[in-house]
Every structure is written in C-alpha cells, then in structure tokens.
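# Reading the structure
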Amino acid sequence: MTFRADVLIIGAGASGGVAARHLAEHGFDVVCLEQGDWPDRSSFPGTRPDWELAIRRDWAMSPNVRNRPEDYPVVHDNSDIEPLMYNAVGGSMIIYAGTWPRMLPSDLRVRTLDGVADDWPIAYRDLVPYYDAIDRQIGVSGLAGDPAYPPHDDYPLPPLPLGVAGGRVAEGHNRLGWHWWPEPNAILSAPYDGRRPCVQRGVCTSGCAEGAKASTDLTHWPKATAAGARLITGARVSRITIGPQGLATGAVWLDSASVEHHQEADVVILAANAVGTARLLLLSADERYCPDGLANSSGLVGRRLMMHPFSVVTGWWDDQVEGWQGHFGASITSYEFYETDPSREFVRGAKWALSPVGGPLNHILPMRAGNEVWGPDHHALMGRTFGRGASWAIFGEDLPEESNRVDLDPDRTDSHGIPAPRVGYRISDHSRRLMAYQEDRATESLEASGCQETAVASMIPYSGWHLMGTARMGDDPASSVVNSRQQAHDVANLYIADASVFVTSSGVNPTCTITALALRTADLLVQRRREQKVPA
Amino acid sequence: MTAADRSSAVVDIARLEELADIMLPAAHGMPSASEAGAVSLYIDEVLGWRSDLRQPLAEALAALDPTTFTVEALSAFLSEDEAAYAALTTVVAACYYLSPVVRDRIGYPGQVAKTYDPFAYTEWVADGLLDPVVERGPIWREAPG
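What follows is about the sheet that holds strand 15 (residues 453-457) of chain A. In a beta sheet, neighbouring strands are held together by backbone hydrogen bonds and run either parallel or antiparallel to one another. All names here are of chain A. On the basis of which strands lie adjacent, the open sheet formed by 6 strands has the order 4-10-11-12-9-15 and antiparallel pairing. The open sheet terminates on both sides in strands that have one partner only, identified here as strand 4 (181-182) and strand 15. Across 2 bridges, strand 4 lies against strand 10 (residues 332-334) in antiparallel orientation. Bridge pairing in strand 10 places P182 opposite I332.

Structural data, given as structure tokens:
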C-alpha cells in the first residue's frame, strides 16, 4: 500500500537529517529514502588492531575502493581529484574530520570583492541565525572571539585540547605575527545531549565509536523519527517522477532485492551530495517535461563541480609529541592567508587546519606527506619522524568552472543497473598558484614552530571530500538551478538541500554551511507552507 | 578469477620472511622482521583481515627472488606491478608493526583513549597565548549585503 508524504527527502546524511528533523518537529509527514543503512558503531575499526589496514579497503573513503552494496561507483578517470563519500544514515559525516568552520562574509561576495566567479544571492548575515542554531543542535566545541570572523554566539562547549603540537605551532605563529585560533569542531569536548565526549583516539575519519563526533544518525535522526519521520534504509532512488503540472510527484526506488517502489510526496528534497544529486537530476530526464534532466533548463545541472584542491604540509620535531593521537578534527586553524591580497598572483586563499599524522602504517605507507623508505633507512626515518609530527591540512578556495562537471557514464552502473556518475575535473592554473603559495607559507609556519624537517604533499588526488556546486543557487533561472530558498526554478515543489547549491566553494570545510543551509531551507518551507505548490 | 580463488592463493611464508628481512633488517636499535617474529606470528591475522591482499602478495612473491632481491629492486617493482608491490609492502609493514616488541621500541601504544580536562583552555587563555592574535584585531573582510 502506498501513501503520500508531505515531504520526501532523498538521502539521510548531513542535509537530509537536518531538514527531516526540522520538518518533522513542525508537523510535516516526512519520508526519507537512504541507500545505506544505520551505522553500527561496534563495527567501526578505530579501536581494532587492523585499523590502518581497514581504512585502506573496507573503510576507505572512496566508494570505488570500499565497493559495498550500498555504494555506487564514481567514474573519475578524467578527474584530478577522486570524489570521496560514505553512504549510510549520517552520510559522509560518518567519515568526515568534524572540523566546523563557518563561511566568511567575503566568501559569498567574490564577484563584488574580487571580480571572479559569482556572488551568492544570500549574504553571511542570512546564515548567522542558522549557524548558531546548528552549533547548538550538533554540540560544537570551540572558542568565541576569533578575529578572523565577525563576532557571533559562543559555542556550546569549550574547545578540544590544543595538544603539544597545537601549542607549539600556536607559539610559532605568535612569533611570526600570524593568525591562529582553536579550531571549532563538531566533536564533543564534554558530555552533551546524551552523547559522550571525545577521547582523543585520533581515528575520526574512520568513524567515531564513542559517538563524540557529530553525525546526523546521532544528532538528528533519533529526534526526527521520534517526531514521526519515517526513514527507509536500503532504498536506492532511480529517478524523481514528474506529473502533468510539471511538479515532482515522488520518486521511484529499488530495495535490496531490486523490487521497484514508488513513494509519492507533495514536496521532494534532494539531499544526496553534489555528485549524487546531479546524477539523480540527470537520471530523471523526461521527454515530455525535461529532456535534458530535471530542473536543468539552465543546462547547469552537473556543472561547476568544486572539490577544494588539498595539500598537506607535515613538520617533525626532534622529540615526541604523540603525533598519532588527538582529534582529527583539528587542534588549531589559521586564516592568515585566507582573504585576497592584491600583491599575490591569485585571488582568494586557503584555510589551514592542524591535524595528527596517524599510526605507523600511515607513516611508512603515506596517505599524506612523507616518503616510503625500506632497508636500514626505514628505521632511521621512523626514529626521526614517528610520533614527532603534525600536519597542516590546507583547503584552497576552488573557483567554479563549467567544464568541471558530473554527468552519466555511458557504460558503468551501480549494483541495480542504474548509470553511474562520471566526474570530469581539472585543477586550474589559478588554484595551482594559490596552493603553491600556501604550501610555502605552511612550511615557514612549521619551521618557525621548531620543526627540524618538513614535507609537502601537494594537491593530493585522494581528497575529494568536499563536493559542491553542481546545481547552483541564483536569482536568474537562466544561470542557476535553484533560487535563494534552494527551490528549483523549474519545479516549484523540488528543493535541493545539499552542497550542490553552493555558488562558490569558499576555502573552508563545507559541512557546517551545508547544515545551516539545510536548516534554513526547511525553516523557510515551514514558514511558507501555505504558499507551496503541490501536485493535484 | 573468483573471490574464492583470490582468497585461497598460496602464500610462500618462508619466501616472504626472507624478503621482509631485506625490507626491514636489524638497524638503528630496531629488530629485523624475523627477530620480531613479524611474518610468522602475524601473517594469518593480517591476511585474515585483508584477504584481498593474498593473491597480489602471492604474485609479488613469485616475481621477486630473495637471493637477488634488494631494496632498490623493490622500488623498480612498483612500476612493474603496482598492486603486487602494494600488497607486499602493506603486509610486511602491517605484520611488523603489530609486534609488541616493535611497538614498544617506537613508543606506540596504539590508538588509545585519553582523558583530559575540557576546561584546561582557561589556563592558556589566562597565560596570554591568544593575546597577540586578539591584539592584532579583526582580519576578516567586510562584504556588502
């Protein structure tokens, strides 16, 4: 028996979880379809001896390496960066680092301020109340007063420990006269909302067994389902359906036995990340209404993919700092080279986050900076570096280009036979100049902090955590896919809640802004519920 | 080749031990792979966790002759067969760094839980660590709208 929901949400990750909770708590009948399952924290590998082996296979961040039934392949032969994601309730928050920076006012005005890309149709001040609300829902640990940001509400919890490395780099930056600040993290420093605090195990990016790191399976879905939301796991959506009025009527989905179902709804919200959402819009092409893909009259669905070029600069001291330990996450951050400086050969900048280096396998089979060395020199290298380092993780602002895109692969499919997404992405010359400058400054930072040795891993391919921009927000339907409320210009009852809508990438980790935008979208939907067009 | 074939590929343990000793000899106060019992004690565990490595490891062992093997030859092997190279280095390293003797020598207890005082930050704030940052004033850029 089928039933018609007020709102159908596709994807139970960061944006889907936030939207579901808000809508359910405001009386909406919400159904969510999620291709993954509830995460089982007892299966997380961080407390096991095979942790560093597991993160190279079953707990890899790449769906192509993990290759679980709930994953879909992402074809990336023509991409400089490999897209990374996790399919489950909680989505990629299960494997994210948990750093929680807001965007800055300038991030939403790069055309006006720097003459590049486009301004957002909303401003920083529009996001502030939602940033504040999300921080409380998530339980963010941090310290107010960062002079890199306009003043805002204090965080609900005190900052996580600086650690020995964080303290040393902080002192180094003080000597240089450079900015640093304790990084805000979506990781509990003290008990909060029934969850336990971080124990500094340093395995955040392979799942937090303690549940200290926020993910919506912990922070939002229990409250959403308590308010009546229905979450169907193992449900892979194959297309959004369109009715005679040109409105979305629901979605077709397949269960694990490949039995097809149709979920009807008055409103559809896509929350499937910037690769998955673009894929679904393109899969939903309909000869009668949208032959080039749903909500794609602008031709921009799938285009302007941004992924943040990512470099790591690691420094090693001549004594132990327990560099394998600590939240991952970041201890401190620096925005010294974030804003545009006209004296440089690029505009915009990058955010730095200081992180642990990992265990022994990560040292000698580096996923980040370092060298692979065997023979007697192996032990010399380990003796010199193991436990003695910390890494600046550097995300550079990635300006949008229409040639960087997601489309449908003509050959590859997922386990249900649905065409896989294909990603074509090139790091621009502008980004290369920007990142080279940041790498040099980060090396100076670590040298000033007393490191005896440094290494740069420049623009690492295995780094596409931040998927943004494939259904951009804007006021003009000819040059954008959704409006400032994240409602599709072409389909009045279709919304996009994930980072597909980002106009530009900023240089900060996106999940804080993804969730703030999702809350704003859901809140505006609640406020305007009587004006919402729905299918007959 | 089926998954079952890959996971049942025969690994020549003696040959692996010989190669591992060349990759990780006794030096700089660290034991060799065989002195740590790396392969003999931990190979079953490692290949149990990562059965996908068994077949490429067997291929690496078939391709590399311990009597002529050198560390330099290992580097060249990377360009010849990346999957086999990755399996060999991963398995040897994983076995070696599971050894409690090795972990003790490098001071690594594993990824352990730690307790801390979440309000300890008040001390370094009071000590003035952030003062130079705050005294410099705002560095964010005003934007219209």
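Before going further, it helps to spend a moment on the packing of helix 2 (residues 13-23) of chain B against helix 3 (residues 38-49) of chain B. Residue and element names in this part refer to chain B. Where helix 2 contacts helix 3, the axes come no closer than 10 Å and their chain directions differ by 120 degrees. The angle between the axes of helix 2 and helix 3 places the two elements in the oblique class. Along this stretch, helix 2 crosses helix 3, giving a crossing that reads as right-handed. Contact residues: helix 2 offers I13, L16, E17 and A20, while helix 3 offers V39, S40 and I43. Here the contact of helix 2 with helix 3 is built from residues that sort into 5 nonpolar, 1 polar and 1 charged.

Residues and elements named next belong to chain A. Structurally, the position occupied by R21 is in helix 1 (residues 14-25). Residue R21 is classed as buried on the basis of its relative accessible area, which comes to 11%. Taking C-alpha positions, R21 is 31 Å from D286, a pair spaced 265 residues apart along the chain. Here the side chain of R21 touches T219 through a polar contact of 3.1 Å, landing on its backbone oxygen.

Our focus in this paragraph is the nonpolar core. Of all hydrophobic cores here, the largest spans 96 residues; its most connected members are I9(A), L23(A), L494(A) and F502(A). Considering each element in turn, this core owes the most residues, 9 residues, to helix 13 (residues 511-527) of chain A. If near-sequence neighbours (up to four positions away) are discounted, L494(A) is found in contact with I240(A), V268(A), L270(A), L281(A), L294(A), A295(A), Q486(A), Q487(A) and A488(A). Of all hydrophobic cores here, the second largest spans 59 residues; its members include W324(A), L57(B), V91(B) and C95(B).

Here we come to helix 2 of chain B. Residues and elements named next belong to chain B. When helix 2 is considered as a whole, its buried residues turn out to be L16, L19, A20 and M23. Take helix 2 and look down its axis: the buried residues cluster within an arc of 105 degrees, on one side only. Where the residues of helix 2 are buried, they touch helix 3, helix 4 (54-63), helix 5 (71-80) and helix 6 (82-96). Backbone nitrogen of A14 and a side-chain oxygen of the N-cap are separated by 3.3 Å at the start of helix 2; the cap is D12.

Parameters and conventions
Residues numbered from 1 in each chain as written. Chains lettered and ligands numbered in written order. Predicted model: local features only at pLDDT ≥ 70, side-chain atom pairs only at ≥ 80, totals over all residues. Heavy atoms only, no water. Pairing = 2+ DSSP bridges. Helix = DSSP H or I, 4+ residues; strand = E, 2+ residues; numbered from the N terminus. Axes fitted to C-alpha atoms, helices over the stretch in contact; angles between N-to-C directions. Parallel < 35°, antiparallel > 145°, perpendicular 65-115°, else oblique. Left-handed = near helix turned anticlockwise from the far one by under 90°. Contact = heavy atoms within 4.5 Å. Nonpolar A, V, L, I, M, F, W, Y, C, P; charged D, E, K, R; others polar. Buried < 20%, exposed > 50% of the residue type's maximum accessible area, 1.4 Å probe, protein only. Polar contact = N/O pair within 3.5 Å; in protein donor to acceptor, adjacent residues only side chain to side chain. Core = buried A, V, L, I, M, F, W, Y, C linked by side-chain atoms within 4.5 Å. Arc of directions from axis to C-beta.

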